[in-house]
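Here is what each chain is made of, one letter per residue.
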Amino acid sequence: MAPRDLGLLMAMCLVWAVNNIISKYVVSILDVPPLFYAAARFAILAALLIPFLRPAPRPLWRLMLAAFLMGGGNFGLMFVGLKYSTPSAAAVVFQLGMPITLLLSVAFLGERIGWRRGVGIALTFAGVLTVMWSPEGVALSTGLLLVAGATLMSSVGVILTKQIEGMRPLTFQAWVGITSVFPMAALSLALEPGQVDAALGAGWTFWAALVFSALVVSLGAHTAYVMLLQRYEANLISALILVTPLATIGLGVALLGDPFGPRMAIGGLLALAGVLIIVLRGNRMMALLLAMRNRDS
């Protein structure tokens, strides 16, 4: 990989990691309702990308379902989960998306699992369980369970997206915004009273975070990601993207005081090692699935 492109990829990973920290800051410290935050983000995305809604690949129902699952379904659960968990632990749990995507591809796309990728799946689940483990047993953290649910939503969306032909990245992003903003706004209205006042009370910091999330992350980082995927093998990009959870853990510990001990270190290493095995041992179809799974909407 050219040094310039490697630098771009590292910057992209850092942007995603910073966004994880910012999202935690918005929903926990600024106390902005997470569903409202998701709705506002997708409103900006939808408004900017309306011209790219057409031509839309068929069937439209599959496109809309995939877009919602990878947009509102994924980020709605993730933002709520971040409110009740640390970004460091969430970054490890989010690695479940790799083996979940692989298992779903076996069921729906005819993918086959060799023994090496089987080991990778086992290591990833072992790492996540280690992070969720306590001396009394598995700590069923509501926040981390919601993050796990977000990975499932996104993984199902990836499988559906793989079955859609002729998909342009900006068209998909446009449908992510338009299919997500209204359900997220309706859920926020029903479940988060006083959400507008809370957002206004958060001041300019919230609006800066919102613009960063919608423009720098969704449009800027994603555009760079697609460009790099067109230049290099998906296996290579998927492996290097593991910098994102590492950076999230480091920033979470340094900036937010996330606890980091032997359990987090061992769990994180196991999960990331498992994901790396899955990526490196996958065929081209699986590499593309994992690459799509890794990208931020």
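Residues numbered from 1 in each chain as written. Predicted model: local features only at pLDDT ≥ 70, side-chain atom pairs only at ≥ 80, totals over all residues. Heavy atoms only, no water.

### A short note on the nonpolar core
Within the largest apolar cluster, 58 residues are counted, with the highest numbers of intra-cluster contacts made by Val-26, Val-32, Tyr-37, Phe-42 and Phe-206. Broken down by element, this core gets its largest block of residues, 10 residues, from helix H3 (residues 60-83). Once residues within four sequence positions are removed from consideration, Phe-42 is found in contact with Gly-71, Gly-72, Phe-75, Val-176, Gly-177, Ser-180, Val-181 and Met-184. (Core = buried A, V, L, I, M, F, W, Y, C linked by side-chain atoms within 4.5 Å. Buried < 20%, exposed > 50% of the residue type's maximum accessible area, 1.4 Å probe, protein only. Helix = DSSP H or I, 4+ residues; strand = E, 2+ residues; numbered from the N terminus. Contact = heavy atoms within 4.5 Å.)

### Observations concerning the confidence of the model for the protein chain
Here the protein chain averages 85 in pLDDT, while 91% of its residues score no lower than 70. Confidence, expressed as mean pLDDT per element, reaches its minimum in the protein chain at strand E2 (residues 137-138) with 51 and its maximum at helix H2 (residues 34-49) with 93. (pLDDT = per-residue confidence, 0-100.)

### A look at the environment of Leu-219
Tracing the backbone through its elements, the reader meets Leu-219 in helix H10 (residues 204-231). Sequence separation between Leu-219 and Thr-101 is 118 residues; the distance between their C-alpha atoms is 24 Å.

### Things to note about the pattern of salt bridges
For the coordinates displayed, the defined rule picks out one salt bridge. In this structure, the salt-bridge partner of Lys-83 is Asp-31, at a minimum N-O distance of 2.9 Å. Pair noted here: Lys-83 is in helix H3 and Asp-31 is in the loop between helix H1 (3-29) and H2, with a separation of 52 residues, a long-range link. On the basis of relative accessibility, which here comes to 46%, the residue Asp-31 falls in the partly exposed class. (Salt bridge = Lys/Arg side-chain N within 4 Å of Asp/Glu carboxyl O.)

### A few points about the packing of aromatic side chains
Given two aromatic rings, one states the distance between the centres and the angle between the planes to describe the pair. If you walk through the whole model with that rule in mind, you get six aromatic pairs. Here a set of aromatic residues connected by ring pairs shows up, and it is made of Phe-36, Tyr-37, Phe-42, Phe-75, Phe-79, Phe-206 and Trp-207. (Phe/Tyr/Trp six-rings, centres within 6.5 Å; stacked < 30°, edge-to-face > 60°.)

### Thoughts on unusual backbone geometry
The omega angle of the peptide bond from Arg-54 to Pro-55 is 5 degrees, so this bond is cis rather than trans. As for its placement among the helices and strands, Pro-55 is situated in the loop between H2 and H3. With a phi angle near 60 degrees, Asp-31 is a residue other than glycine that sits in the positive phi range.

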